[in-house]
Amino acid sequence: MNPYIQSVELSKAYRLLNHGPTVLVSAQIGEDVDVMAAAWACALEFSPAKVTVVLDKSTKTRQIIEQNGYFALQVPCFAQLDMTYQLGSITKFNEPNKLAICGTQLFYQNGFDVPLVDGCIAWLICKVIPETHNQQTHDLFIGNVVGAWADSRVFRDGHWYFADADKRLRSLHYIAGGTFYTIGDEVKAHL
């Protein structure tokens, strides 16, 4: 178990996504587990903590979420660049061994049956808030955050600290065609 995983207050969970990172979406029903990359995820509400994520109808992960009602969003880091891109490029419908091919290791937090991707820098477990129109028309899923954790090397006291962390722990931000950026330098406005 990763000794750096710390619980995040649900009232601060929005901060895990507020900087616009690419996320990994995971879900499970029975023995069927999948993980996919998604670029369109964001915080929706502070309290209760809610998030949104766009999940295309053609994905296995979405199919599992529609059956189970739970999913996890995790924030991958630069050290996981290739795995993240592969998880977004390979479909489990065509490749049943997708997770093994991508080198994806999973773990579970106590009290939750939702798989989490090892090595990420933040994790949010969410319960789907059913919004059939949004899901079918816009592929938009809303989740109520029921658990949140982060890697204390880069997130502590409710804030990200990328500037003084190992660059391999910087979050990924997808552009297109296999191109990502990592989070940049911190700058502060003065009032």
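Here's what I pulled together on the structure shown here. (Residues numbered from 1 in each chain as written. Predicted model: local features only at pLDDT ≥ 70, side-chain atom pairs only at ≥ 80, totals over all residues. Heavy atoms only, no water.)

### Comments concerning the pairing of strand β5 (residues 50-54)
If a strand is regular, its side chains alternate between the two faces of the sheet.
Stage number 1. In terms of burial, β5 is largely enclosed, as four of its five residues are buried.
Stage number 2. The pairing of strand β4 (residues 41-45) with β5 spans four bridges and is classified as antiparallel. Bridge pairing in β5 links Ala41 to Val53.
Stage number 3. Joining the antiparallel neighbours β4 and β5 is a turn of four residues.
Stage number 4. Bridge count between β5 and strand β10 (residues 140-151): five bridges; the pairing is antiparallel. Bridged to Val51 within β10 is Gly143. (Buried < 20%, exposed > 50% of the residue type's maximum accessible area, 1.4 Å probe, protein only. Helix = DSSP H or I, 4+ residues; strand = E, 2+ residues; numbered from the N terminus. Pairing = 2+ DSSP bridges.)

### Comments concerning the side chain of Gln74
Stage number 1. Positionally, Gln74 belongs in strand β6 (residues 70-75).
Stage number 2. Gln74 sits in the buried class, given a relative accessible area of 0%.
Stage number 3. A polar atom in the side chain of Gln74 sits 3.2 Å from the side chain of Ser26.
Stage number 4. From its side chain, Gln74 meets the backbone oxygen of Ala72 in a polar contact 3.4 Å long.
Stage number 5. Excluding its chain neighbours within four sequence positions, the residues that come into contact with Gln74 are Thr22, Val23, Leu24, Val25, Ser26, Pro115, Leu116, Val117, Cys120, Ala122 and Trp123. (Polar contact = N/O pair within 3.5 Å; in protein donor to acceptor, adjacent residues only side chain to side chain. Contact = heavy atoms within 4.5 Å.)

### Concerning the pairing of strand β14 (residues 179-182)
Stage number 1. Where strand β13 (residues 172-176) meets β14, four bridges bridge the pair, whose relative direction is antiparallel. Among the inter-strand pairings, Leu172 is bridged to a residue of β14, identified as Thr182.
Stage number 2. Here β13 hands over to β14 after two residues, with Gly177 in that stretch at a positive phi of 55 degrees.

### With respect to the nonpolar core
Stage number 1. In this structure, Leu16, Val25, Val53, Phe71, Leu73 and Leu124 are the most contacted members of the largest nonpolar core, which totals 36 residues.
Stage number 2. Counting residues per element, the ones that place at least two in this core are β2 (23-29), β3 (32-38), β5, α1 (60-68), β6, β9 (122-129) and β10.
Stage number 3. Residues in contact with Val53, not counting those within four places in the same chain, are Val25, Ala38, Trp40, Ala41, Phe71, Leu73, Asp139, Leu140 and Phe141.
Stage number 4. Counting residues in each nonpolar core, the second largest holds 17 residues, with Val33, Val117, Trp123 and Ile125 among its members. (Core = buried A, V, L, I, M, F, W, Y, C linked by side-chain atoms within 4.5 Å.)

### Considering unusual backbone geometry
Stage number 1. Cis rather than trans, the peptide bond between Ser47 and Pro48 has omega equal to -5 degrees.
Stage number 2. The backbone of Asp139 sits at a positive phi, close to 60 degrees, despite the residue not being glycine.
Stage number 3. Locating Asp139 in the fold gives a position in the loop between α4 (132-138) and β10.
Stage number 4. One non-glycine residue, Asp157, adopts positive backbone phi at about 55 degrees.
Stage number 5. For Asp157, the location among the structural elements is in the loop between β11 (155-156) and β12 (159-160).
Stage number 6. In this structure Asp157 comes out as exposed when scored by relative accessible area, which is 67%.

### Examining the pattern of salt bridges
Here the idea is simple: oppositely charged side chains can pair when their charged atoms come close.
Stage number 1. Summed over the entire model, instances satisfying the criterion amount to eleven salt bridges.
Stage number 2. Here Arg170 and Asp185 are joined by a salt bridge, their closest N and O atoms 3.9 Å apart. Here Arg170, found in the loop between β12 and β13, pairs with Asp185, found in the segment after β14; they are 15 residues apart in sequence, far enough to count as distant.
Stage number 3. By relative accessible area, Arg170 is classed as buried at 8%.
Stage number 4. On the basis of relative accessible area, Asp185 is assigned to the exposed category, the value being 64%.
Stage number 5. Several salt bridges share partner residues, and in doing so they unite Lys57, Arg62, Glu66 and Asp139 into one network. (Salt bridge = Lys/Arg side-chain N within 4 Å of Asp/Glu carboxyl O.)

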